[in-house]
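# Close look at the chain arrangement
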Amino acid sequence: VVDGEESQRRELADDAAPLGVVEVGADAEGAQAVVPAFDHLVGALAAQHVLQVAGAEGMNMADAAEIMANALMVFSDQGVTAAQVSDQLAAGALASSASVEDLGFSLKYASGSASTLGVPMEDLITSIALLSNAGLKGSTAGTSMNNVLLAMASPTKAAAAEMDKLGLSYKD
């Protein structure tokens with residue numbers, strides 16, 4: 001909600017307050033970032049999940065919507081819902097030293113490869129959360145995870161032999 005629509009901004013802020021969202025901004029930049037992300041989310045329930053993610057850590061809605069929309073788009077072939085994205089981001093942040101924003105940065109770098117290789121979103125977020133506990137966060141964790149996934153998808157001969165010994169296969 002931008003500038004001249006103060007009553008709508010107040011109404012949205014009132015609706016968001018029980019979900020823990022502290023402030024619903026009225027700046028044009030924030031609105032421009034939220035609108036395209038919300039276009040990829042489905043209905044009022046998805047918006048509620050965005051508000052929950054934003055409120056969980058005091059993030060702004062634009063960032064929460066962008067993280068969720070990206071995950072929904074990338075993992076759409078897995079039938080991922082807004083509720084699942086919200087739950088997994090919250091679980092990953094609660095179980096690790098990563099914030100939802102850290103997880104979002106990581107997903108930017110690793111989710112494309114993970115989705116292409118059939119890695120479930122839940123497994124990717126769990127892996128990223130574990131990396132954050134080892135000190136790798138944000139884009140560093142995402143890049144590291146992406147490199148691991150790519151290396152496992154086309155291993156060297158030595159790595160393939162070792163994977164065979166362990167009974168690991170990443171191809172059908």
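Summary of the structure given here. Residue positions within a chain follow its written sequence, with the count starting from 1. The model is predicted, so local features are restricted to residues of pLDDT at least 70 and side-chain atom pairs to those at 80 or more, both for listing and for counting; the totals for chains, interfaces and linings are taken over all residues. Working from all heavy atoms in the structure, the side-chain values ignore hydrogens and water.

### Examining the environment of Gly92
Runs of H or I in DSSP of at least four residues are treated as helices and runs of E of at least two as strands, each being numbered from the N terminus. One can find Gly92 in helix α5 (residues 82-94). For each residue, the accessible area found with a 1.4 Å probe, counting protein chains only, is set against the maximum for its type, and the residue is called buried under 20%, exposed over 50%, and partly exposed in between. Under the relative-accessibility criterion, Gly92 is labelled buried at 6%. For the pair formed by Gly92 and Ile128, sequence separation is 36 residues and the distance between their alpha carbons is 8.1 Å. It only takes one pair of heavy atoms within 4.5 Å for two residues to be counted as in contact. Leave out the neighbours within four places in its chain, and Gly92 touches Leu103, Ile125 and Ala129.

### Digging into the packing of helix α6 (residues 100-116) against helix α8 (residues 138-153)
Only the stretch in contact is used when fitting a helix axis, every axis being a line fitted to C-alpha atoms; angles between N-to-C directions are given from 0 to 180 degrees. Running from N to C, α6 and α8 point in directions that differ by 20°, and their axes come no closer than 7 Å. Relative to α8, α6 is oriented roughly parallel. Two packed elements cross with a definite hand, and for α6 against α8 that hand is right-handed. On the side of α6, the interface is formed by Asp102, Phe105, Ser106, Tyr109, Ala110, Ser113 and Ala114, while α8 contributes Gly138, Ser139, Ala141, Gly142, Thr143, Met145, Asn146, Leu149 and Leu150. Of the residues in the contact of α6 with α8, the class split is eight nonpolar, seven polar and one charged. An angle counts as roughly parallel when it lies under 35 degrees, as roughly antiparallel when it exceeds 145, as roughly perpendicular when it falls between 65 and 115, and as oblique in every other case. We call a crossing left-handed when the near helix sits turned anticlockwise from the far one by less than a right angle, and right-handed when that turn is clockwise. Note on residue classes: Ala, Val, Leu, Ile, Met, Phe, Trp, Tyr, Cys and Pro are nonpolar, Asp, Glu, Lys and Arg are charged, and everything else, Gly too, is polar.

### Structural notes on the pattern of salt bridges
Here, a salt bridge means any Lys or Arg side-chain nitrogen found within 4 Å of an Asp or Glu carboxyl oxygen. Tallying each qualifying case throughout the model produces one salt bridge. For Lys165, the salt bridge is made with Glu162, and the minimal N-O distance between the two is 3.6 Å. Of this pair, Lys165 and Glu162 both sit in helix α9 (residues 157-166), separated by three residues, roughly a single helical turn. By relative accessible area, which is 66% here, Lys165 ends up exposed.

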